[in-house]
Amino acid sequence: MRTHRCGALRASDVGREVSLGGWVHRRRDLGGLVFVDLRDREGLVQVAFGPGWSPAEVMERAGTLIGEAVILVKGVVEPRPAGQANPELPTGEVEVHATEVRVVGPAATPAIPVARVRGEPLAAEELRLRYRYLDLRRPEMYRNLELRHRLLQRTRRELSERGFLEIETPMLTKPTPEGARDFVVPSRVYPGQFYALPQSPQIYKQLLMVSGFDRYFQLARCFRDEDQRADRQLEFTQIDLEASFVTPEDIYAVTEGVLVALWAEAGAPVEAPFPRLAYRDAMARYGSDKPDLRFGLELMDLTPRIGEGSGEFLRAAVGRGERVRALAVPGGAALSRKDLDALTAAAKTMRASGLVWAKRGPDGPTGPGVKALGAAALEALGLGDGDLGLAVAGPDAIALPALGRVRLEVIRLLELPPSCRHAFVWIEQFPLFEREAETGNLTFMHHPFTAPHPDDAALVATDPERARAQHYDAVYNGVELGSGSIRITDPAMQAQVFERLGMAPADVEHRFGWLLEGLRSGAPPHGGIALGFDRIALLLAGGESLREVIAFPKTAAARALFEGAPTGIPAADLAALHLTVAS
C-alpha cells in the first residue's frame, strides 16, 4: 500500500511517483490550494492538493480531511516553490503533489492534541496516559521507542558476539527474598497455593551456571510490588547476565563493553575502563554509594578539629563516638536563608538532627556555625571569600548520607556546571550485611547469594558486620545503572549466610532447597550483573521519567489508565481460583 514512509522523502526523489500512508497532522486551506502535513513514525511530509494536478473529486475530499484521520495518498514528488523550503524538516525541500487520496481510518476529534505548535505545553500526564495511543503518536515518543529498540538489538549483538547465550527463564516462579514485595499469582489447580512473578531471574541464572551453560544473558522482564517513582515501575526490563569461571574483573570488562556500545549507539561515545571506588571511600568522600563524579565538592572529616573552642553539642557528639562531617562550597555564600533552610530540611530527611552552616565574607566568617565549629574546624574547612561551610554531626550511618543529600541539593541550587558530560564509576567492596533501621536485625545489603570477599570469609561467622562482599554497582552521573556480584557456590557458606540472617533450617529448605540442591551437585565459580535497561534508555533519551521510554507504563499511583488496571474480577472467576475478597 506504500512505496515510501513520509519522513523518508528527499530532493533525490523529485519526479518519483509515490504512495504514502499516514495520519493527517495538520491541514491548511489557502484558497485554491490545500496543504496537508502527513505523518508516520519516520516524520512529516507536505502533501499539496492543487487544481493543476489533483482531480476535482480529490480536491473536494482534501477539503474535508480532519486531523488524525488515516489516509492513503498517491502523487509525484516535486521541489517546493522557491523560498518555501522548510529547513526544520528533513523533507523540507520537497512536497508531494497528490493525484489520489483515500480515507482509510476516519477519526473523531482527538481527546488530547497530537499536532502541537512550538512551545505549546503537553496535556496533563494522567490524561496522556489515559489516551496513550494518541500520546504515542508524538514524534518524541516515536524517537524514544525507536532508540529503545536499537539499544535492545545492540545489547543482544554485543553479548552474543562475546559468547553469551540468550535463555529465557520462567515468569511463574517461587517467592524469594530480594528486597521488595512479590506479585503473587494464585493457582487454580492447587487451591491455596501461589506462584510469584520474578523480581529477577537470580536463582535460575545461577542454576544455568550449575548446568554448565557458562555464559547466559536475557532481556529479562521483572516485577516488584513497590512504590512508584519517576525512575521505577512495577514491571521493568533488565539486561541480565551471568558467567562461569570469572572474577569481578571479567564482569567489569563485559559490562563496560556493553555500556560503551549502548552509549555509542545513542551517539554519545565514552571510553573504558571506568574508575573504581570502594564503598567506604565513596561514602566518606561523597556521602553516597552512587556518587555523581561530574562535580567536586568532596566531604571532609572535621572530627579531629572539634575541641574546646567548639560548641557543646558538637563536643558531646564527638564524645559519644560520632563524627562531624563537613562540606566546603565555593561561592555558596550566595545562597539565601530560604536556601539554607531547604538544605537543613534535606539533611533532616536523612535522619540528621540538623545542619550547621557558616559563610565567609569580606569581614570574615558569619553564621551559627562560627561558634558551633570553633576556630580550628573553620580553619580546616578552608573557606575563602564568598564560600559556604556546611556540617552534620552524628554516626557515619546518618551523617554521611545526610551530607551527601545536602551536596546534591547544593549542586542543584547553585546550578553548578559539570566538569564532564559522562562520569562512570564502579562502586565495590560493599558490606555483606547491614542492620535494619527499624528492628536492628542483621539483613543482607543486596541479596543473600552474594559471596563474601575472600579475605573476609571467616568474618561471616565471627564478625559479620565487618565482612565485605564481592558485590559491585555500575554508576553513571550519580545514577545506579545496575548491581552484580560473585555468587556463593559453597553450600556450607550459603547455609551459614542464611543462618546469620536468622532463617531457620526448615525455612531455608522450603524456600531455597532447590538452589542448595543444585550447588551440592558441583557448581563452578560464577558471577554476573543486572543492568536497568529502562533507566539506561531514559538516560540516553534525555528524558525525566521512565514513562517516556516505556510504551504502556503505569502511573505514579501504579495504575494502567488506558486499560483500567488493576480492576475487580467476577465472583465466579474468584471462586475458580479458590479466593475470596475481604471487605
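Residues numbered from 1 in each chain as written. Predicted model: local features only at pLDDT ≥ 70, side-chain atom pairs only at ≥ 80, totals over all residues. Heavy atoms only, no water.

A. Main features of the nonpolar core. Judged by nonpolar contacts, the single largest core of 62 residues is most densely connected at Trp263, Leu481 and Ile536. Residue contributions to this core peak at seven residues, all from helix H6 (residues 248-265). Leu481 has contacts with Leu259, Trp263, Phe424, Ala474, Val475, Tyr476, Ala530, Leu531, Gly532, Ile536 and Leu539, leaving out every residue within four places of it along the chain. Leu299, Leu335, Leu390 and Val425 belong to the second-largest nonpolar core, a separate cluster that totals 33 residues. (Core = buried A, V, L, I, M, F, W, Y, C linked by side-chain atoms within 4.5 Å. Buried < 20%, exposed > 50% of the residue type's maximum accessible area, 1.4 Å probe, protein only. Helix = DSSP H or I, 4+ residues; strand = E, 2+ residues; numbered from the N terminus. Contact = heavy atoms within 4.5 Å.)

B. Summary view of helix H13 (residues 491-500). Along H13, the residues classified as buried are Met493, Gln494, Val497 and Phe498. Axial view of H13: buried residues confined to an arc of 140°, hence all on one face. Turned more than 90 degrees away from the buried face of H13 sit Ala492 and Glu499, all of them exposed. Buried-residue contacts for H13 involve strand E18 (433-435), helix H12 (459-462) and helix H14 (505-520). Sitting at the head of H13, Asp490 places a side-chain oxygen 3.0 Å from the backbone nitrogen of Ala492. Positive backbone phi, approximately 80°, marks Gly502, located one or two places after H13. (Arc of directions from axis to C-beta. Polar contact = N/O pair within 3.5 Å; in protein donor to acceptor, adjacent residues only side chain to side chain.)

C. A look at the sheet that holds strand E15 (residues 364-366). Across the sheet, which stays open at both edges, the five strands sit in the order E12-E13-E16-E14-E15 with antiparallel pairing between neighbours. Of all strands in the sheet, those with a lone pairing partner are strand E12 (300-301) and E15, marking the two edges. Judged from the seven bridges that link them, strand E13 (residues 323-329) and strand E16 (residues 388-394) form a sheet pairing that is antiparallel. When the bridges of E16 are listed, Arg323 appears paired with Gly394. (Pairing = 2+ DSSP bridges.)

D. Just the packing of aromatic side chains, in detail. Under the defined criterion, the tally for this structure stands at 14 aromatic pairs. Seen from their ring centres, Tyr131 and Tyr133 are 6.3 Å apart, and the 75° between their planes marks the pair as edge-to-face. Taking the centre distance of 4.6 Å and the plane angle of 10° together, the rings of Phe498 and Phe512 count as stacked. Pair noted here: Phe498 is in helix H13 and Phe512 is in helix H14, with a separation of 14 residues, a long-range link. (Phe/Tyr/Trp six-rings, centres within 6.5 Å; stacked < 30°, edge-to-face > 60°.)

E. Geometry of the pairing of strand E4 (residues 70-79). Relative to E4, strand E1 (residues 17-30) is paired through seven bridges, and the arrangement is antiparallel. By the bridge assignment for E4, Leu20 is matched with Val73. With 10 bridges joining them, E4 and strand E5 (residues 94-105) adopt antiparallel strand pairing. Paired with Leu72 across the two strands is Arg102, which belongs to E5.

F. Up close: the packing of helix H4 (residues 139-161) against helix H15 (residues 533-541). Axis separation between H4 and H15 bottoms out at 10 Å; the angle between their running directions is 125°. Relative to H15, the element H4 is oriented oblique. H4 and H15 meet at a crossing whose hand is right-handed. Taken together, the residues of H15 that come into contact with H4 (itself represented by Asn144, Leu147, Arg148, Leu151, Leu152 and Thr155) are Phe533, Asp534, Ala537, Leu540 and Ala541. When grouped by side-chain class, the residues that make up the contact of H4 with H15 number seven nonpolar, two polar and two charged. (Axes fitted to C-alpha atoms, helices over the stretch in contact; angles between N-to-C directions. Parallel < 35°, antiparallel > 145°, perpendicular 65-115°, else oblique. Left-handed = near helix turned anticlockwise from the far one by under 90°. Nonpolar A, V, L, I, M, F, W, Y, C, P; charged D, E, K, R; others polar.)

G. Expanded view of the packing of helix H7 (residues 279-286) against helix H11 (residues 396-414). Between H7 and H11, the least distance of the axes is 8 Å, while the angle of their chain directions is 55°. In this view, H7 runs oblique relative to H11, as classed from their interaxial angle. Along its contact with H7, which presents Met283, Ala284 and Tyr286, the element H11 presents Leu400, Pro401, Gly404 and Arg407. Here the residues of the contact of H7 with H11 sort into five nonpolar, one polar and one charged.

H. View of the pattern of salt bridges. By the definition in use, this model includes 40 salt bridges. For the salt bridge of Arg148 with Asp534, the shortest nitrogen-to-oxygen distance reads 2.8 Å. On the criterion of sequence distance, the pair formed by Arg148 in helix H4 and Asp534 in helix H15 is long-range, its members being 386 residues apart. With relative accessibility at 12%, the residue Arg148 sits in the buried group. Linked by salt bridges that have partners in common, Arg116, Arg128, Arg132, Asp135, Arg138 and Glu140 make up one network. (Salt bridge = Lys/Arg side-chain N within 4 Å of Asp/Glu carboxyl O.)

I. Molecular detail of a nonpolar patch on the surface. A cluster of nonpolar side chains, Tyr133, Phe552 and Phe562, forms an exposed patch at the surface whose accessible area comes to about 310 Å². Within the fold, Tyr133 resides in helix H3 (residues 132-135). Judged by relative accessible area, Tyr133 falls into the partly exposed class, the value being 37%. (Patch = residues over 30% accessible without salt bridge, like charges linked within 9 Å, V, L, I, M, F, W, Y side chains within 5 Å. Areas by Shrake-Rupley, 256 points an atom, 1.4 Å probe, with all protein chains shown as cover.)

J. Geometry of the layout of surface pockets. As a volume, the second largest pocket reaches approximately 840 Å³. Together, 28 residues line the second largest pocket, and His25, Leu44, Glu88, Leu89 and Pro139 are the ones closest to its centre. Of all the elements in the fold, those that place two or more residues in the lining of the second largest pocket are E1, strand E2 (33-40), strand E3 (43-49) and H4. With four residues, the single largest contributor to the lining of the second largest pocket is H4. When grouped by side-chain class, the residues that make up the lining of the second largest pocket number seven nonpolar, seven polar and 14 charged. (1 Å grid on protein atoms, 1.4 Å probe; cavity = no way out; pocket = protein on both sides within 12 Å on 5 of 7 lines; lining within 4 Å. Points joined across faces, edges and corners; volume = space filled by probe spheres on them.)

K. Structural context of unusual backbone geometry. Cis geometry marks the peptide bond from Ala272 to Pro273, where omega comes out at 5°. Following Ala565, the chain continues to Pro566 via a peptide bond in cis, the omega torsion being 0°. As for its position among the elements, Pro566 is in the loop between H15 and helix H16 (571-576). Positioned with a positive phi, Glu415 is a non-glycine residue whose angle comes to about 50°. Within the secondary structure, Glu415 sits in the loop between H11 and strand E17 (424-428). By relative accessible area, Glu415 is classed as exposed at 67%. A positive phi is found at Gln429, a non-glycine position, where the angle reads about 60°. For Gln429, a relative accessible area of 29% puts it in the partly exposed group.

L. Representation of the side chain of Lys205. Here Lys205 lies in helix H5 (residues 202-210). There is a polar contact of 2.9 Å between the side chain of Lys205 and the side chain of Asp240. If we ignore the near neighbours within four places in the chain, the residues touching Lys205 are Tyr216, Asp240, Leu241, Glu242, Arg487 and Ile529.

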